[in-house]
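Below are the chains, spelled out letter by letter.
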Amino acid sequence: MNYWLFKSEPDVFSIEHLSKMKKQTSMWDGVRNYQARNYMRDGTKPGDLLFFYHSSCPQPGIAGIAEIASTPYPDPTQFNPESEYYDPKATADVPRWVTVDVKLKEIFNEIVSLPELRANPKLEELALLQRGTRLSIIPVSAAHWKAIMAMR
DNA sequence: GCCAACGTTGGC
DNA sequence: GCCAACGTTGGC
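Residues numbered from 1 in each chain as written. Chains lettered and ligands numbered in written order. Predicted model: local features only at pLDDT ≥ 70, side-chain atom pairs only at ≥ 80, totals over all residues. Heavy atoms only, no water.

Caption draft 1: Representation of the sheet that holds strand E3 (residues 49-54) within the structure. Spatially, the 6 strands line up as an open sheet ordered E2-E7-E4-E3-E1-E8, and their pairing is mixed. At either end of the open sheet lies a strand with only one pairing partner, and these are strand E2 (25-27) and strand E8 (137-140). Averaged over all pairs of adjacent strands, the angle between strand axes in this sheet comes to 35 degrees, irrespective of strand direction. Pairing between strand E4 (residues 61-68) and strand E7 (residues 101-113): 7 bridges, direction antiparallel. Each bridged residue has a counterpart across the sheet, and for Gly61 the counterpart in E7 is Ser113. (Pairing = 2+ DSSP bridges. Helix = DSSP H or I, 4+ residues; strand = E, 2+ residues; numbered from the N terminus. Axes fitted to C-alpha atoms, helices over the stretch in contact; angles between N-to-C directions.)

Caption draft 2: How the structure looks around the protein's contact with DNA strand C. In the vicinity of DNA strand C, the contacting residues are Tyr34, Arg131, Gly132 and Arg134. In the interface set of DNA strand C, defined as its atoms within 4 Å of the protein, sugar plus phosphate atoms amount to 70%. Class assignment of the residues belonging to the surface near DNA strand C gives a composition of 1 nonpolar, 1 polar and 2 charged. (Near = heavy atom within 4 Å. Nonpolar A, V, L, I, M, F, W, Y, C, P; charged D, E, K, R; others polar.)

Caption draft 3: Fine view of the nonpolar core. Core analysis: the largest hydrophobic core is formed by 41 residues, its most contacted members being Phe6, Trp28, Phe51, Ile62 and Val102. Discounting chain neighbours no more than four positions away, the residues touching Ile62 are Leu5, Phe51, Phe52, Tyr53, Phe108, Ile111, Val112, Leu117 and Ile148. (Core = buried A, V, L, I, M, F, W, Y, C linked by side-chain atoms within 4.5 Å. Buried < 20%, exposed > 50% of the residue type's maximum accessible area, 1.4 Å probe, protein only. Contact = heavy atoms within 4.5 Å.)

Given below as structure tokens:
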């Protein structure tokens, strides 16, 4: 069982959006970075847990928890010319991007904010907090997961 | 394969 | 809106 952190801009898709979806489950589409895709394609398994992180917003931080609810499959938006995630170089035979379904597990009463995360000495090596990390899919160790769960 | 120019991310 | 730090693109 692995732990992850998935980033999303709440203006586009927030944990509140996820809570209103049918079965509180949604496809996590639009990942268009190779390293993030590789984590998603090669790393995520049904039952894995993820922190739902809100970025590029007034209060950046971890808003709650979701569960990986499918195996990875081709992201349909890459084939849709109407989508902002359309990739003309992707074909049905050779898809380039993948997605997984995620299911809501818990919304934190209060966001565990980025400054709080930075202030926790146990999280010094958390990949999210390293200089230059911009990945939207980031692995989280069991120890880091536990430390963050204690902060909510 | 190199690298300059450009685009994106994301905190502030 | 600014800017640092990446990633991508494309000419050569």
